[in-house]
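In case you want the letters, here they are:
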Amino acid sequence: MDSNMPTLNDAEARVLGVLIEKSLTTPDSYPLSINAALNACNQKSNRDPVTSYVEAEVVVALQGLLPKGLAGRVMAAGSRVEKFRHTANAALGLDDGRLAVLAELLLRGPQSPGELRARVHRMSPTASLEELSSRLDGLIAAGIVERVPPSPGSRAERYAQLLAPGLHPVAVAPAAAPRPSPSPAVPAAAGRALLEERVEALERQVAELSARFDDLLARLGG
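Residues numbered from 1 in each chain as written. Predicted model: local features only at pLDDT ≥ 70, side-chain atom pairs only at ≥ 80, totals over all residues. Heavy atoms only, no water.

**Section: helix H2 (residues 34–41)**
Our working rule: Three labels apply to residues, based on accessible area from a 1.4 Å probe with only protein chains included: buried if under 20% of the type maximum, exposed if over 50%, partly exposed otherwise in between. Runs of E in the DSSP output that reach at least two residues are strands. Runs of H or I that reach at least four are helices, and both are numbered from the N terminus. Here the arc refers to the directions that run from the helix axis out to each C-beta atom.
When H2 is considered as a whole, its buried residues turn out to be Ala37, Leu38, Ala40 and Cys41. Down the axis of H2, the sector holding all buried residues measures 165 degrees, keeping them to one side.

Quick look at the structure:
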């Protein structure tokens, strides 16, 4: 990741993702008040993981985004309610298409191109996988996104955001267990000889035990 890129904690990443998402999906009710941001953070659809933040956590997250140049305050004329908007487009140099991809990765974690295209489309129309790939290439070049291993049981490459590296631990497919080395083949003749030796050894042991038993009986007057 580019050392000049801001690093976010989990709550800051969720709030930034929400601000970007709502700016693209519900522009008429944007910017967001603290209460609206809280509700959007904790909504159960299009979120992974689902959170249960309280207002204080969202306030602290917003205060963390402000000095990083990723959010700004807005006070509408005649309103007493302070609202907030993202400034990621200017801070990170991204257009709406790439912002939509970033928001989706912040809100739902690593995803394959097919998943991303379907989900990003609600924020920014994405005509094809080639168009999505172009957006991802720009984000990778900027040090904001990286390719990660496929999820367990899948071969599809995935992409993850880098602004909050600990937000969605990347699950990788478990390594295949090493197969036990096959036992060296034993020629049939050698196998028979080995078996005969074992049988003879057992017969000797039985004979010795029988002799000891007879000797013990004789001493006991049997």
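**Quick look at the pairing of strand E3 (residues 83–86)**
Here is the rule: DSSP bridges decide pairing: two strands pair if at least two such bridges lie between them.
Covered by surrounding structure in E3 are Phe84 and His86 only, the residues Lys83 and Arg85 on the alternate face being uncovered. The pairing of strand E1 (residues 32–33) with E3 spans two bridges and is classified as antiparallel. Within the sheet, the bridge partner assigned to Ser33 lies in E3 and is Lys83. Strand direction decides the pairing type here: strand E2 (residues 71–74) and E3, joined by four bridges, are antiparallel. Paired with Arg73 across the two strands is Phe84, which belongs to E3.

**Observations regarding unusual backbone geometry**
Pro31 follows Tyr30 through a cis peptide bond whose omega is 5 degrees. Within the fold, Pro31 resides in the loop between helix H1 (10–25) and E1. Even without a glycine there, the phi angle at Asn46 is positive, about 60 degrees. Relative to the assigned elements, Asn46 resides in the loop between H2 and helix H3 (55–65).

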